[in-house]
Amino acid sequence: MASTDETGQAARHTVPAGSTPPTGPPADGTAAGPGARMPRWLPRAMVLALALIAAFQLGSWAFHQLTGLLINVLIAFFLALAIEPAVSWMAGRGLRRGFATFLVFLAVLIAAAGFVTLLGSMLAGQIVKMVEDFPDYLDSVINWVNGHFHTELRRVDIQEGLLRSDWLRNYVQNSATGVLDVSAQVLGGLFQLLTILLFSFYFAADGPRLRRGLCSVLPPARQAEVLRAWEIAVDKTGGYLYSRGLMALISGIAHYILLEILEVPYAPALAVWVGLVSQFIPTIGTYLAGALPMLIAFTVNPWYALWVLIFVVVYQQFENYMLQPKLTAKTVDIHPAVAFGSVIAGTALLGAVGALIAIPAVATLQAFLGAYVKRYDVTDDPRVHGRRVRRTVSGSSTRLRKLWVRRPEQERPEQERPGPEDTDGTGGGGSS
C-alpha cells in the first residue's frame, strides 16, 4: 500500500517532455494570474496622493486669492517696525501705547496730507495756466508755420477741425466710459490704504503682546533668537526711515533756496517733492525728482532749467560722498550696489512695494547674519589694499643665468666633458 502511494505521487510529479513545469504560488501568499488582487497598500497610497494634490491646488488657489492681503500685511508690518522706536519712546515717558501710536499716526497723516495738498495745488495751478495760455502758444506755433512754410493757417480753422474730427469724439467717449474704472481704482486704493493703516496700528500698538504670543510657542533658546531678530529689524527699519527723512529735509531745504533764488513758482511744493522722491527711490531718485522742477523752471526761463540740472548733479555728489556716509553709518550701512540690486529684486517681486521695503529688509538680513558669521583679522598683504606685489628681478635673472650656463654643458659631446679625474684641474691634458 505504501509503495502504491509513492508510485502515484511520483507519477503526479513527473512532467511530460517538451512542456514547461507549472509555477508555484508566490512566496508572500498572494494569488497570481488574471484574477489576482491588488496590494492592500495601493488604494491607500492613491488616496493619499490625490489628497496631497488637492491640498496643493487648494493652497495655491488660496495664496493667489490672498496675495493682495498678504502684501498689505507686509507693508503694515514694516510700517509698524518703522514707527516702533517713536511709539516705544513715548510709551516709556508714561503715555499709553495705543495713544502714543495714535499720535504718531496723526503726525504722519498730517504730513502726508500737507504734501498732497501742496503738490495738488501746484499741479492744478500749472494746468490752469497751461489752459489759459494755450491760445497764445497755438498762435505762436501757427505764425511760425505760416512764416516758414508760406501757409495760411488760422486758429479758427484748426479749432473747427478738431471739434469735427472723429478722433476727438472717440476720445471723449472712451474717457466717459473710463471714468467708472478710475473711480473704482480710487476706491480700491483708499480701501487698501485703510487696511494697511489698520494693520500697522495694531502691529505697533500691540507689539509686546504679539511678541509674547510668538515666543509662547517656542523654546527659550529660540525665543532669544526671535527677539534678537525683531530688535534688529526695528533698529534697521526705523533707522532707515529716520535717516532718509533727515536727508529729505536737508535736500528739500537746499532745493527750496535755489528755486527761490531763481523765482520759480511753487518752490515749497517742488522742494518737498525733490526731498521725498530723491531719498525714498534709491540711486536714480534724485534725477527723477529733479525732472519736475526743471520742467517748471523751463517755463520761466530755459537757462533756469540748466541751472537746476547743474545743482541737482552737484548736490547728488555732495550727498553721496559727504552727507549720506555720516547719517547712515549706524543705521543701514550697505553697499550702494547691494542697495540698487535689492531695489531691482524687490520691484521684480512686489512692484513698487518691494522697491520701498527692499533696503530695510536687506539691511536687517545683513545685520542678523553678521551677528553669526565669524570674522578673522585680515592678513597684512599689499594685495588686500589694492597694491600689486613687485617681484624682484635679481632672483629671476639669476635663475635664467644658471639655466643658460647649464644648458651648453649638457649639449657638449660626451668625450669633451670633464671626467672625475679632471675635477682637480690636473688631468685630461696630460703632464707637460
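Residues numbered from 1 in each chain as written. Predicted model: local features only at pLDDT ≥ 70, side-chain atom pairs only at ≥ 80, totals over all residues. Heavy atoms only, no water.

As annotated in an unreviewed UniProt entry, the protein carries the name AI-2E family transporter and comes from Streptomyces hyderabadensis. According to the UniProt record, the Subcellular location (unreviewed entry) comment for the protein reads "Cell membrane". A UniProt comment under Sequence similarities (unreviewed entry) is attached to the protein, and it reads "Belongs to the autoinducer-2 exporter (AI-2E) (TC 2.A.86) family." (UniProt positions renumbered as here; feature names shortened; annotations may be inferred.)

**Student:** Please set out the overall build of the protein residue by residue, giving values where relevant.
**Tutor:** Looking only at helices and strands, the protein features 14 helices and zero strands. The order of α-helices and β-strands along the protein, N terminus first, is α-α-α-α-α-α-α-α-α-α-α-α-α-α. Among the 432 residues that make up the protein, the fraction classed as buried is 23%. When contacts within the protein are restricted to residue pairs at least 6 apart in sequence, those whose partners lie at least 24 apart make up 62%. (Helix = DSSP H or I, 4+ residues; strand = E, 2+ residues; numbered from the N terminus. Buried < 20%, exposed > 50% of the residue type's maximum accessible area, 1.4 Å probe, protein only. Contact = heavy atoms within 4.5 Å.)

**Student:** Any details on the packing of aromatic side chains? Residues and values, ideally.
**Tutor:** Tallying each qualifying case throughout the model produces ten aromatic pairs. An angle of 40 degrees between the planes, with centres 6.2 Å apart, marks the rings of Phe199 and Phe203 as tilted. Here Phe203 and Phe199 lie together in helix 6 (residues 166–205), a separation of four residues that amounts to about one turn. Pairwise contacts between aromatic rings join Phe77, Phe78, Phe199, Phe203 and Trp230 into one cluster. (Phe/Tyr/Trp six-rings, centres within 6.5 Å; stacked < 30°, edge-to-face > 60°.)

**Student:** Quick rundown of a nonpolar patch on the surface? Include the residues and the values.
**Tutor:** A surface patch of nonpolar side chains, about 800 Å² in accessible area, is lined by Tyr287, Trp303, Leu306, Trp307, Leu309, Ile310, Val313 and Val314. Top element by residues in the nonpolar patch is helix 11 (residues 302–327). It accounts for seven residues. Within the secondary structure layout, Val314 lies in helix 11. The class of Val314 is exposed, set by a relative accessible area of 52%. (Patch = residues over 30% accessible without salt bridge, like charges linked within 9 Å, V, L, I, M, F, W, Y side chains within 5 Å. Areas by Shrake-Rupley, 256 points an atom, 1.4 Å probe, with all protein chains shown as cover. Salt bridge = Lys/Arg side-chain N within 4 Å of Asp/Glu carboxyl O.)

**Student:** Can you explain the side chain of Glu319? Please cite residues and give values.
**Tutor:** Secondary-structure assignment places Glu319 in helix 11. No salt bridge is formed by the buried Glu319; its nearest oppositely charged neighbour, Arg244, is found at 5.1 Å. Apart from the residues lying within four places of it in its own chain, the contact partners of Glu319 are Met247, Gln279, Gln324 and Pro325. (Lys, Arg positive; Asp, Glu negative; His and termini not counted.)

**Student:** Please set out the layout of surface pockets residue by residue, giving values where relevant.
**Tutor:** In this structure, the largest pocket spans a volume of roughly 1800 Å³. Contributing to the lining of the largest pocket are 41 residues, with Leu79, Val108, Ala112, Leu241 and Phe280 lying nearest its centre. If one sorts the elements of the lining of the largest pocket by residue count, helix 4 (residues 97–149) sits on top with ten residues. For the lining of the largest pocket, the class distribution of residues is 37 nonpolar, four polar and no charged. (1 Å grid on protein atoms, 1.4 Å probe; cavity = no way out; pocket = protein on both sides within 12 Å on 5 of 7 lines; lining within 4 Å. Points joined across faces, edges and corners; volume = space filled by probe spheres on them. Nonpolar A, V, L, I, M, F, W, Y, C, P; charged D, E, K, R; others polar.)

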